[in-house]
Amino acid sequence: LAKKDACSAPLRRTVVYLLGQSGDNDAPAILRDVALNDSEPEVRSTAIQYLARSPSDIAVNTLDEVLRTSTDPQVQRTAARALASNPSPRARQSVRALIERTDAPERLRIEAVGGFEDSQRTTDEDAAYLRSVYTKIDNPRVKARIARVIGNLGGDANDQWLLGLMRNNDEPLEVRTAALSRVASRKMPIVDAVKLYGTV
């Protein structure tokens, strides 16, 4: 791993793979160094993917630092996905902070929202957070992603919230369309569809 030349990059990726699979207590610290300092984006991304599986403070701190300091879009996207899939509550807090960062790239914020799409891991509290933070977001694509995620989660509270978006003429068309597609996919009762059609 100390070799930073391009020729040894495939070997370094293999070493990262072995470390990630090893379960060794020192692995997170070593992977942190690779994620922050390796010269090849693919090697760094591989280290980040393995850090995503660790709930340790080292892993979460590293993912958060990569998001704040990396200038490589591929590495940033990998870190955002990794942070969103990490089981640590602290990782959840970092994901929420990223969603609300107006200075963060749009693609990263969308990746962060997508981290709540797993209905088995996402709680009612997470869904309530997404519904509440929606009003603070000024980016239409990020808002549309929130609508899609809320739609995938399902549930009466989420469906009613989506219906409210669809009825609101002040919402961006992209958001209203995303909300409609999610509610309609669950076979909206025809009487509700007729009422909605009359108001839109």
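Residues numbered from 1 in each chain as written. Predicted model: local features only at pLDDT ≥ 70, side-chain atom pairs only at ≥ 80, totals over all residues. Heavy atoms only, no water.

**Focus: the overall build of the protein chain**
Part 1 of the argument: A tally of helices and strands in the protein chain yields 12 helices and 0 strands.
Part 2 of the argument: In the protein chain, the succession of α and β elements from N to C terminus is α-α-α-α-α-α-α-α-α-α-α-α.
Part 3 of the argument: Each of the three principal axes of the protein chain carries a C-alpha extent, and together these read 65 × 30 × 25 Å.
Part 4 of the argument: Of all 200 residues assigned to the protein chain, the portion counted as buried reaches 44%.
Part 5 of the argument: Pairs at least 24 residues apart make up 60% of the contacts formed inside the protein chain by residues separated by at least 6 positions.
Part 6 of the argument: As displayed, the protein chain offers around 10,600 Å² of accessible surface, 51% of which is attributable to carbon and sulfur atoms.
Part 7 of the argument: For the protein chain, the distance from the average site of its 29 positive side-chain charges to the average site of its 27 negative ones is 3 Å. (Helix = DSSP H or I, 4+ residues; strand = E, 2+ residues; numbered from the N terminus. Buried < 20%, exposed > 50% of the residue type's maximum accessible area, 1.4 Å probe, protein only. Contact = heavy atoms within 4.5 Å. Areas by Shrake-Rupley, 256 points an atom, 1.4 Å probe, with all protein chains shown as cover. Lys, Arg positive; Asp, Glu negative; His and termini not counted. Charge placed at Lys NZ, Arg CZ, Asp CG, Glu CD.)

**Some thoughts on the nonpolar core**
Part 1 of the argument: One finds I48, I99, L130, I146, L162 and L165 to be the most contacted residues of the largest nonpolar core, which totals 57 residues.
Part 2 of the argument: With 7 residues, helix α9 (residues 140-153) is the largest single contributor of residues to this core.
Part 3 of the argument: Those residues in contact with I99 that sit more than four places away from it in its chain are R109, A112, V113, F116, Y129, L130 and I137. (Core = buried A, V, L, I, M, F, W, Y, C linked by side-chain atoms within 4.5 Å.)

**Thoughts on helix α10 (residues 156-167)**
Part 1 of the argument: An ideal rise of 1.5 Å per residue puts 16 Å on 12 residues; α10 measures up with 17 Å between its terminal C-alpha atoms.
Part 2 of the argument: Taken together, the buried positions of α10 are N158, D159, W161, L162, L163, L165 and M166.
Part 3 of the argument: Buried-residue contacts for α10 involve α8 (124-133), α9, α11 (173-184) and α12 (190-199). (Expected span 1.5 Å × (residues − 1).)

**Considering the packing of helix α6 (residues 89-100) against helix α7 (residues 106-114)**
Part 1 of the argument: With their axes 8 Å apart at the nearest point, α6 and α7 run at an angle of 140° to one another. Classed by the angle they form, the pair α6 and α7 counts as oblique. By crossing handedness, the relation of α6 to α7 is classed as left-handed. Touching V95, L98, I99 and E100 of α6 are L108, R109, A112 and V113, all from α7. (Axes fitted to C-alpha atoms, helices over the stretch in contact; angles between N-to-C directions. Parallel < 35°, antiparallel > 145°, perpendicular 65-115°, else oblique. Left-handed = near helix turned anticlockwise from the far one by under 90°.)

**Details of a nonpolar patch on the surface**
Part 1 of the argument: Side chains of L1, V15 and I30 sit close together on the surface and give an oily, nonpolar patch of about 180 Å² of accessible area.
Part 2 of the argument: Counting through the fold element by element, V15 comes out in helix α1 (residues 9-22). (Patch = residues over 30% accessible without salt bridge, like charges linked within 9 Å, V, L, I, M, F, W, Y side chains within 5 Å. Salt bridge = Lys/Arg side-chain N within 4 Å of Asp/Glu carboxyl O.)

**A few points about the packing of α9 against α10**
Part 1 of the argument: Contact pair α9 / α10: the axes reach a minimum separation of 9 Å and the direction vectors enclose 145°. You can see that α9 and α10 cross each other, and the crossing is left-handed. Contacts from I146, A147, I150, G151 and L153 in α9 reach N158, W161, L162 and L165 in α10.

**Observations concerning the pattern of salt bridges**
Part 1 of the argument: In this structure the tally under the stated criterion is 13 salt bridges.
Part 2 of the argument: Its salt-bridge partner being D64, residue R68 comes within 3.8 Å of it at the nearest N-O pair. Taken as a pair, R68 and D64 lie in helix α4 (residues 57-69) at a separation of 4 residues, close to a single helical turn.
Part 3 of the argument: Judged by relative accessible area, which is 53%, R68 ranks as exposed.
Part 4 of the argument: Residue R107 pairs with E111 through a salt bridge whose shortest N-O separation is 3.9 Å. Linking R107 with E111, this pair stays in helix α7, spanning 4 residues, or about one helical turn.
Part 5 of the argument: In this structure R107 comes out as partly exposed when scored by relative accessible area, which is 49%.
Part 6 of the argument: Under the relative-accessibility criterion, E111 is labelled buried at 16%.
Part 7 of the argument: Through salt bridges with shared partners, one network takes in R81, R107 and E111.

**Focus: the packing of aromatic side chains**
Part 1 of the argument: Counted under the stated rule, the structure contains 3 aromatic pairs.
Part 2 of the argument: Measuring from ring centre to ring centre gives 6.2 Å for Y17 and Y50, while their planes differ by 70°; the resulting arrangement is edge-to-face. Note that Y17 is positioned in helix α1 and Y50 in helix α3 (residues 41-51), a separation of 33 residues in sequence.
Part 3 of the argument: Centre to centre, the rings of F116 and Y129 are 6.3 Å apart; their planes meet at 40°, and the pair counts as tilted. (Phe/Tyr/Trp six-rings, centres within 6.5 Å; stacked < 30°, edge-to-face > 60°.)

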